[in-house]
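Topology and contacts: notes
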Amino acid sequence: MKGFRIHSWGSQLQWEEIEETQPGPGEVAVDVEACGVGLTVLNCIRGDLGNAPELLPRVPGHEIVGRVTEVGEGDDAGLIGRRVVAYFYLSCGHCPECTAGDEPLCRNLAGLVGVNTDGGYAPRVVLPARNVITVPDTLDPVAATVVPDAVATPVHVSRSRAKIGPGDRVVVIGAGGGVGAHMVQVAAWDGAEVVGLDLSEPKLARIAELGVRGVRSDDFSALDSAGLFDGGPPTVVVDLVGTTASLSWSLDGLGARGRMIVLTTFRDRTVEMDPRRLVFGEVSVVGSRYASKRQVAEGADLVASGAIRPVIGEVVGPGQLLDLHARLEAGTLVGRGALDWTKHA
Ligand SMILES: [Zn+2]
């Protein structure tokens, strides 16, 4: 088969012949129908998520949707033919955190799909059986590329970390990106009033189509958080951008019992925090890391039922993938991108 591989962290992907491997015990082979294209894949290719030379060459791409074609010896043959999405983290499945359904906090994390094991930038992939999650067969494979990360991550934010519900006033910073365009929808579905912040008019227009009010956030110093909602300042700010300005604005703008949700992991970025403010307003600063396997399945149900609409700005075949990467890098892609193997194989 032909697919894309990283030969040197940070350099251009190579389109080349890749030898197929057979699934061993505890593994399954998946015919990839589509793979999501977002900023995390670019981070992976750059080596930001792992850059050991022995991991190369590597097929990137973690937002995998496909059908199981083979299972390893002793594995569940009932998986064959089922449509699945990949779980991003190579969690162990048996530590206390995994047993409790908190797989992103796994004590024995073996890395990430697309970094420590091959991903979906090739038309067939072998994955740990533990890392495939069955989804409704009616779910369109391109639509389903948003499930394993772009929808599952907001489900984790809303239901486990921010505990968003009716009466909440939620601001999402970076609302027109892959995670943001689904974060605004999950927060609204869970009952909140939502405002999405972003920089470009096409992104704000797309958010408006989803029924969410969009506001430009070019200058945080001029943006009054208390004026965004009739009912008062935000109770939750989800920061998907993570600049010093956005982080400071998030913390300063929250109302009483407000929760600031942090999802970015840039190094050397700090924000000043006045402990008096946390105490007097009972304000919380909360980190949120990916999603549990159960929440990926919840995300699939939300998309399959139509509660959440996949926001996929562009669907391409392998011939146009590198151009799509460039648009993603330039910040002009609305929502997620997708690599469709079925139409272009
Ligand atoms: Zn574990």
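Definitions and limits used
Sequence order as written defines residue numbering, which begins from 1 separately in each chain. Local features in this predicted model are restricted to residues of pLDDT 70 or higher, and side-chain atom pairs are both shown and tallied only at a pLDDT of 80 or more, whereas totals for entire chains, interfaces and linings draw on every residue. Where helices and strands are cited, they refer to DSSP runs of H or I of at least four residues and of E of at least two residues respectively, numbered from the N terminus. Here the globule rule reads 2.2 Å times residues to the power 0.38, and the radius of gyration is calculated from C-alpha atoms. For every residue, the other C-beta atoms within 10 Å of its own C-beta are counted; 20 or more classify it as buried, 12 or fewer as exposed, and values in between as partly exposed. C-beta atoms are placed from the backbone. The directions from the helix axis to the C-beta atoms are what the arc is built from. Each domain's limits were defined by an automated method or a database of domain assignments. Two residues qualify as being in contact provided that their C-beta atoms, derived from the backbone, are within 7 Å of each other. All amino acids are sorted into three groups, where Ala, Val, Leu, Ile, Met, Phe, Trp, Tyr, Cys and Pro are nonpolar, Asp, Glu, Lys and Arg are charged, and the leftover types, Gly among them, are polar. By convention in this section, buried Ala, Val, Leu, Ile, Met, Phe, Trp, Tyr and Cys residues joined through C-beta atoms within 7 Å make up a nonpolar core. Two strands are counted as paired when DSSP detects at least two bridges linking them. Axis geometry follows a simple rule: fit a line to the C-alpha atoms, using only the stretch in contact for helices, then measure angles between N-to-C directions, giving values from 0 to 180 degrees. Angular relationships are summarised with four words: roughly parallel below 35 degrees, roughly antiparallel beyond 145, roughly perpendicular across 65 to 115, and oblique for the angles in between. Here a crossing is taken to be left-handed if its near helix is turned anticlockwise relative to the far helix by less than a right angle, and right-handed if that turn runs clockwise.

This paragraph deals with the overall build of the protein chain. Secondary structure assignment for the protein chain yields 9 helices and 15 strands. At 20 Å, the protein chain has a C-alpha radius of gyration in line with the 20 Å of a compact globule built from 345 residues. Considered along the principal axes of its C-alpha atoms, the protein chain spans approximately 60 × 45 × 40 Å. A total of 345 residues make up the protein chain; the buried ones form 48% of that total.

It is worth spelling out helix α1 (residues 39-46) at this point. Three or four residues apart is the spacing at which side chains of an α-helix point the same way, because the helix has 3.6 residues per turn. The set of residues buried in α1 consists of T40, V41, C44 and I45. One side of α1 carries all its buried residues, which in axial view fall inside an arc of 140°. The positive-phi residue at the C-terminal boundary of α1 is G47, with phi of around 95°.

Per the domain assignment, the segments making up the protein chain are domain 1 (2-149 + 291-340) and domain 2 (163-287). Of the residues lining the interface, 9 residues belong to domain 1; the matching set on domain 2 comes to 11 residues. Taken together, the residues of the side of domain 1 that touches domain 2 break down into 5 nonpolar, 2 polar and 2 charged.

Turning next to unusual backbone geometry. Trans peptide bonds make up most of the peptide bonds, and negative phi angles are found at most residues other than glycine. P57 follows L56 through a cis peptide bond whose omega is -5°. Residue D268 is not a glycine yet carries a positive backbone phi of 55°. Structurally, the position occupied by D268 is in the loop between β12 (259-262) and α7 (275-281). Residue D268 is classed as exposed on the basis of its 4 C-beta neighbours within 10 Å.

All right, on to the nonpolar core then. Counting 91 residues, the largest nonpolar core has V30, V85, V147, V172, V184, A187 and V238 as its most contacted members. Here this core gets 7 residues from one element, more than from any other, and that element is strand β3 (residues 27-37). Each of domain 1 (2-149 + 291-340) and domain 2 (163-287) gives at least three residues to this core. In this view, V172 contacts G180, M183, V184, A187, V194, G196, L197, V238 and L240; residues no more than four positions away in its chain are not counted.

Strand order in this open sheet of 6 strands is β10-β9-β8-β11-β12-β13, and the pairing throughout is parallel. What marks the edges here is a single partner per strand, and that holds for β10 (213-216) and β13 (284-287). Neighbour-to-neighbour, the strand axes of the sheet open up by a mean angle of 20°, direction not taken into account. Bridge count for strand β9 (residues 193-198) against β10 is 4 bridges, and the pairing is parallel. The residue bridging D198 from the neighbouring strand is R216, located in β10.

Where helix α3 (residues 147-161) contacts helix α8 (residues 293-304), the two axes come as close as 8 Å, and the packing angle between them is 105°. Accordingly, the angle class assigned to the pair α3 and α8 is roughly perpendicular. Two secondary-structure elements touch here, α3 through V147, P148, V151, A152, V155 and H156 and α8 through Q295, V296, E298, G299, A300, L302 and V303. Of the residues in the contact of α3 with α8, the class split is 9 nonpolar, 3 polar and 1 charged.

Time to look at the packing of α3 against helix α4 (residues 180-189). Direction vectors running N to C along α3 and α4 enclose 45°, while the axes themselves pass 8 Å from each other. Regarding the angle of α3 to α4, the classification is oblique. When you trace α3 past α4, the crossing you get is right-handed. Only H182, M183, V186 and A187 of α4 make contact with α3, whose side of the interface consists of A150, V151, P154, V155, V157 and S158. A class-by-class count of the residues in the contact of α3 with α4 yields 8 nonpolar, 2 polar and no charged.

Next up on the list: the environment of Y87. Here Y87 is to be found in the loop between β5 (83-86) and α2 (96-99). A C-alpha to C-alpha distance of 9.9 Å links Y87 and A297, two positions 210 residues apart in sequence. Setting aside residues no more than four positions away along its own chain, Y87 makes contact with N131, I133, P148, K293 and V296.

Within the secondary structure, Q185 is located in helix α4. The sequence separation of Q185 and Y89 amounts to 96 residues, and the corresponding C-alpha distance is 24 Å. When near neighbours in sequence (up to four residues on either side) are disregarded, Q185 contacts L210, I308 and R309.

The next thing to look at is α4. Summarising burial for α4: 9 of the 10 residues are buried, a large majority. Packing partners of the buried residues in α4 comprise α3, β8 (169-173), β9, α5 (201-209) and β11 (236-239). Where α4 terminates, the next one or two residues include G191, which has phi positive at roughly 110°.

Here β5 shows a buried face lined by R83 and V85 and a second buried face lined by V84 and A86. Two strands pair when backbone bridges link them, and strand β4 (residues 64-71) and β5 are joined in this way by 3 bridges, in the antiparallel orientation. Paired with G66 across the strands is V84, a residue of β5.

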